Amino acid sequence: MKWRTYSMKWRTLRVAAVLLLTILLTVGGCGREQELQETPGFTESQTKSESVKETADRTVGETETKKESEKTEEAETETDRETDDQAGRETESQTAATESSQTETVPPSEPETEPPTQPPTQPQTQPPTQPQTQPPTQPQTAPPTQPQTQPPTQPQTAPSVPVSGSRMIAIDPGHQASAWNELEPIGPGASAMKPKTSSGTQGCVTGVAESQLNLTVALKLRDALQARGYQVYMVRTSQDVRLSNKDRADMAYASGAEIFIRIHANGSADPAMNGILTMAPSAGNPYVAHLSASSNALSASIVNHIAANTGQRNIGVLATDDMSGINWSQIPVTIVEMGYMSNPDEDRALNTPSFQDKIVQGICSGVDEYFASH
Ligand SMILES: [Zn+2]
């Protein structure tokens, strides 16, 4: 009896052991582990379900970021509120926490600084998550900027009286008395840097500083636009300021203006070079592509009317994607290069009041034309 009980127990144990082994082999340890190890980015401890959850979390995080980026300046308070709202939800609370800490460090430009943050995400779950994370990340940069700029602009103009008098224009007389050589990124999230404010050119015959000419014409432009019933916001009315190109774009946006006109004069190593041109961001601009069409329309209207008024050579609209004051703008923007101060004739003309008036009236007509269809 004793021996039989013992041998039965032993058999049961052996059967159990064999069963266990079979289960382990079929369900999967080895084969599956290999699979997981071969999949780059996965470690033994990181199971598939975990990674799926992570991806889901990230996607949630991204949609949240999108939502948040739509809420502009109030980002900080908004995020606080949202974090509270989300506290109960399991998956979102984590991302909300990370988001709120991100927002606190870089409040207004959070969605814009997202692209540089991309690299750290990649190595973590590269091949499996790439198709999932990347598509949302890319549209993330463009779409958020659109709602970000448009909604604030529209409500500001819509409720007011629908006549030209209620429309506001921001004018930036380019440069200032002294250059500011500290560097700033040429656009939101850009790694390329440029001086905050360059010194500008100078009249080859008159010796007038470009910053002074720009200010003189810009003040005339303010008066002329106001005479046509527009509201005008001046970024500066004095030479003695210290404003970077980003500052100027920020000020223009904060003013509530619908469009941003930057007044400049050109310079070239070739003294024969002359003519009027305007600049606008290209359709492929990495920062303000959504402002390209409107900015080009504005630029074209202005350059054509100036050329018609002054008889200058019409160089047309130049596409530019490396101008900080354009790339940081949140409203349709143009740079007016009124002529070449390196050309003796044009320098003299640019510093003549009657010629300045023709330029100013040309800009005003261009603005009228633009607003007729925008
Ligand atoms: Zn300039």
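Residues numbered from 1 in each chain as written. Predicted model: local features only at pLDDT ≥ 70, side-chain atom pairs only at ≥ 80, totals over all residues.

With respect to the overall build of the protein chain
The condition that has to hold: Put simply, DSSP H or I for four residues or longer makes a helix, DSSP E for two residues or longer makes a strand, and each gets a number counted from the N terminus. Two residues qualify as being in contact provided that their C-beta atoms, derived from the backbone, are within 7 Å of each other.
For the protein chain, the helix and strand inventory stands at 11 helices and 8 strands. In the protein chain, the share of contacts with a sequence separation of at least 24, taken over all contacts with a separation of at least 6, comes to 77%.

Here we look at the packing of helix H6 (residues 210-227) against helix H11 (residues 353-373)
Let me state the cut-off plainly: With axes taken as lines fitted to C-alpha atoms, and helix axes fitted only over the stretch in contact, angles between N-to-C directions fall between 0 and 180 degrees. Each angle receives one of four descriptions, namely roughly parallel if under 35 degrees, roughly antiparallel if over 145, roughly perpendicular if within 65 to 115, and oblique otherwise. Crossings are sorted by hand: turned counterclockwise from the far helix by less than a right angle, the near helix makes the crossing left-handed, and turned clockwise it makes it right-handed. Only Asp, Glu, Lys and Arg are considered charged, only Ala, Val, Leu, Ile, Met, Phe, Trp, Tyr, Cys and Pro nonpolar, and every remaining residue, Gly among them, polar.
Contact geometry for H6 and H11: axes closest at 9 Å, N-to-C directions at 50°. With respect to each other, H6 and H11 are oriented oblique. You can see that H6 and H11 cross each other, and the crossing is right-handed. Residues Thr216, Val217, Lys220, Leu221, Ala224 and Leu225 of H6 form the contact with H11, whose participating residues are Gln356, Asp357, Ile359, Val360, Gln361, Ile363, Cys364 and Val367. Partitioned by chemical class, the residues of the contact of H6 with H11 number 9 nonpolar, 3 polar and 2 charged.

Focus: the nonpolar core
Heads up, the rule is: Nonpolar core, as used here: buried Ala, Val, Leu, Ile, Met, Phe, Trp, Tyr and Cys residues forming one set through C-beta atoms within 7 Å. To assign burial, the other C-beta atoms lying within 10 Å of each residue's own C-beta are counted, with C-beta atoms placed from the backbone; 20 or more indicates buried, 12 or fewer indicates exposed, and intermediate counts indicate partly exposed.
Counting 52 residues, the largest nonpolar core has Ile169, Phe260 and Ile363 as the members making the most contacts within it. Element by element, the count of residues in this core is highest for H11, at 7 residues. Each residue touching Ile169, except ones within four places of it in the same chain, is listed here: Leu225, Tyr230, Val232, Ala257, Glu258, Ile259, Ile261 and Val367.

What about H11?
Using the following cut-off: Expected helix span is given by 1.5 Å per residue-to-residue step, counting one fewer step than there are residues.
The terminal C-alpha atoms of H11, which comprises 21 residues, lie 31 Å apart, in line with the 30 Å expected from a rise of 1.5 Å per residue. Within H11 the residues assigned to the buried category are Phe355, Ile359, Val360, Gly362, Ile363, Cys364, Gly366, Val367 and Tyr370. Residues of H11 that are buried make contact with strand E1 (168-173), H6, strand E5 (259-266), helix H8 (292-310), strand E8 (333-340) and helix H10 (344-350).

Quick notes on the environment of Arg248
Within the secondary structure, Arg248 sits in helix H7 (residues 245-254). It is 9.6 Å that separates the C-alpha atoms of Arg248 and Pro173, two residues lying 75 residues apart in sequence. Those residues in contact with Arg248, other than ones at most four positions away along the chain, are Asp172, Val235, Leu243 and Gly325.

Focus: H7
For an α-helix the count is 3.6 residues per turn, leaving residues at separations of three or four pointing the same way. With 7 of its 10 residues buried, H7 lies for the most part within the structure. Here H7 has its buried residues at Asn245, Lys246, Asp247, Arg248, Ala249, Ala252 and Tyr253. Tucked inside the fold, the buried residues of H7 contact E1, strand E2 (180-185), strand E3 (193-197), strand E4 (231-234), E5 and helix H9 (324-327). Residue Gly256 follows H7 closely and has a positive phi angle near 90°.

Considering the environment of Ala192
Mapped onto the elements of the fold, Ala192 is located in the loop between E2 and E3. For the pair Ala192 and Asp322, spaced 130 residues apart in the sequence, the C-alpha separation amounts to 8.8 Å. Beyond its immediate chain neighbours, meaning those up to four positions away, Ala192 contacts Pro185 and Ile186.

Observations regarding the sheet that holds E8
Our working rule: Strands are labelled as partners when DSSP assigns at least two bridges between them.
Taken together, the 6 strands give an open sheet; going across it, the order is E4-E1-E5-E8-E6-E7, and neighbouring strands pair in mixed fashion. A single partner strand is all that each edge strand has here, and the edge strands are E4 and strand E7 (314-319). Within this sheet the neighbouring strands show an average axis-to-axis angle of 25°, counted without direction. H7 contacts E1, E4 and E5 of the sheet and is inclined by roughly 165° relative to E1.

Points about the confidence of the model for the protein chain
So the rule is basically this: Predictor confidence is given residue by residue as pLDDT, running from a minimum of 0 to a maximum of 100.
Per-residue confidence for the protein chain gives a mean pLDDT of 72, with 56% of residues at or over 70. In this model, residues 25-162 is a region of pLDDT below 50 whose contacts with residues beyond four sequence positions or in other chains number 111 contacts.

Some thoughts on the packing of H8 against H11
Packing of H8 against H11 leaves a shortest axis separation of 7 Å and a crossing angle of 145°. Crossing of H8 against H11: the hand is right-handed. Residues Ala297, Leu298, Ser301, Ile302, His305, Ile306, Ala308, Asn309 and Thr310 of H8 pack against Phe355, Lys358, Ile359, Gln361, Gly362, Ile363, Ser365, Gly366, Glu369 and Tyr370 of H11. Per-class residue counts for the contact of H8 with H11 are 9 nonpolar, 8 polar and 2 charged.

Considering the pairing of E7
The test is simple: By convention, orient the strands away from the viewer: a clockwise path from the first strand over the helix to the second makes the crossover right-handed.
Here strand E6 (residues 276-280) runs beside E7; their pairing, made up of 5 bridges, is parallel. For Ala280, the partnering residue across the bridge sits in E7 and is Ala319. Between the parallel pair E6 and E7, the chain is carried across by H8, and the sense of this crossover is right-handed.

Points about the environment of Asp240
As for its placement among the helices and strands, Asp240 is situated in the loop between E4 and H7. Given 8 C-beta atoms within 10 Å, Asp240 falls into the exposed group. It is 5.7 Å that separates the C-alpha atoms of Asp240 and Ala177, two residues lying 63 residues apart in sequence.

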